[in-house]
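Chain residues, written in single-letter form:
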Amino acid sequence: MARSTGDDAQALFHSLRSAYAATPKNLKIIDLYVAFAVFTALIQVVYMALVGSFPFNSFLSGFLSCIGTAVLAVCLRIQVNKENKEFKDLPPERAFADFVLCNLVLHLVIMNFLG
């Protein structure tokens, strides 16, 4: 029984890898940016757990900034994806401008929260 589960997991990994190989380069770059933002948030959580959270506003601002940026990047990825029929009339330049504007608003709120 365990052998079949391992084979199934390997087949699933292989199919995901082959499907991701066909992903356009600009979407892969956005995926890398999302992974970096989430990784940075995880590093901040580990640092807070090890060292402490004396200025809790600073930790919360940094963490929410990372997660908010990742969410906005996922929204950008959805809008830029050519296979998504919902945003077919939206040019990529407009989607990127929305991403930049929303990031600006997010970071203004984060800076305001810092005090």
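Residues numbered from 1 in each chain as written. Predicted model: local features only at pLDDT ≥ 70, side-chain atom pairs only at ≥ 80, totals over all residues. Heavy atoms only, no water.

Trainee: Requested: an account of the pattern of salt bridges, with residues and values cited.
Mentor: Applying the stated criterion across every chain yields a total of two salt bridges. A salt bridge links arginine 77 to aspartate 31, with the nearest nitrogen and oxygen atoms 2.5 Å apart. Within this pair, whereas arginine 77 is found in helix H3 (residues 56–80), its partner aspartate 31 is found in helix H2 (residues 25–51), the two being separated by 46 residues in sequence. (Salt bridge = Lys/Arg side-chain N within 4 Å of Asp/Glu carboxyl O. Helix = DSSP H or I, 4+ residues; strand = E, 2+ residues; numbered from the N terminus.)

Trainee: Help me get a handle on the side chain of asparagine 103, residues and values and all.
Mentor: Here asparagine 103 lies in helix H4 (residues 92–114). When its relative accessible area of 11% is taken as the criterion, asparagine 103 is described as buried. Beyond its immediate sequence surroundings of up to four residues, asparagine 103 is in contact with Thr69 and Leu72. (Buried < 20%, exposed > 50% of the residue type's maximum accessible area, 1.4 Å probe, protein only. Contact = heavy atoms within 4.5 Å.)

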